[in-house]
Amino acid sequence: MYFVDKTLHFPHPSKANEDGIIAIGGTLTTKRLLLAYQNGIFPWYEEGQPILWWSPNPRMVLFPSEMRITKSLKKTIKKEIFQVTFNTAFSDVIKNCATIKREGQAGTWITNEMDDAYLDLHIKGIATSVEVWQNGELVGGLYGVDLKDKKVFCGESMFSKVSDASKVAFYYLVQHLLKGNYKIIDCQVHNQHLESLGAHEIPRKEFLNYLNV
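As the structure is a computational prediction, the values presented were derived from the model and not from experiment.

> I'm lost on helix H5 (residues 165–179) in this one. Help?
For an α-helix, the turn length of 3.6 residues means that residues three or four places apart are oriented alike. Its 15 residues give H5 an end-to-end C-alpha distance of 22 Å, which sits within 8% of 21 Å, the value for a rise of 1.5 Å per residue. Taken residue by residue, H5 has Ala165, Ser166, Val168, Ala169, Phe170, Tyr171, Leu173, Val174 and Leu177 as its buried positions. Taken from the residues just after H5, Asn181 is the one with a positive phi, measuring 60 degrees.

Next up, the structure:
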């Protein structure tokens, strides 16, 4: 197991253990986070743990052109009951992602340290948020790391306070990425919600090819 020191370095993702952990420790600086995402690695840990760096195999992804849009979602979008914005309330989105109750989860993996680190990424134009509003209230959204030079969007988390709000956020993200000719959305690990939207698992090696790693 690789222990992160002050050196700006990660082992090749293929060196990850069977669980997908590639390294332990370090800090969430902008340079280290950007290096991690550019190499198919992301942090995922709980409060009180050292930072765990992951590169799981297989990898959950969605190709933008393959998003599955159900009839009910089409109706919701057509009704225009939501207003959608980009990058207008990043801090509020990440806080809602951290505090929203999720089935099967006792707590959150979005620590205060992660909150501050991704807000810094956002200020530097690296992290992006999508906000979904209803009657002036933030009711859904998502955020992630935008690797513009590689045409890869790394999704981090989403939340929904009303039916379909997170799906609408994802739909508008996908439309935005399609216009920008993005190749793939990284969804990290298996998630039934994203699977219902068309995401599926591919071998880590195949995913890394999209990052030229």
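> I would appreciate a short explanation of unusual backbone geometry in the present structure.
Most peptide bonds are trans, and most residues other than glycine sit at a negative phi. A cis amide bond links Asn57 to the next residue, Pro58, at an omega of 5 degrees. Tracing the backbone through its elements, the reader meets Pro58 in the loop between strand S4 (52–54) and strand S5 (59–62). Notably, Asp164 is not glycine yet its phi reads approximately 75 degrees, a positive angle. One can find Asp164 in the loop between strand S9 (152–160) and H5. Take Asp164: its relative accessible area is 16%, and that puts it in the buried class. In this structure, Gln188 takes a positive phi of about 70 degrees despite not being glycine. Tracing the backbone through its elements, the reader meets Gln188 in strand S10 (residues 184–188).

Rules behind the numbers
Residues numbered from 1 in each chain as written. Predicted model: local features only at pLDDT ≥ 70, side-chain atom pairs only at ≥ 80, totals over all residues. Heavy atoms only, no water. Helix = DSSP H or I, 4+ residues; strand = E, 2+ residues; numbered from the N terminus. Expected span 1.5 Å × (residues − 1). Buried < 20%, exposed > 50% of the residue type's maximum accessible area, 1.4 Å probe, protein only.

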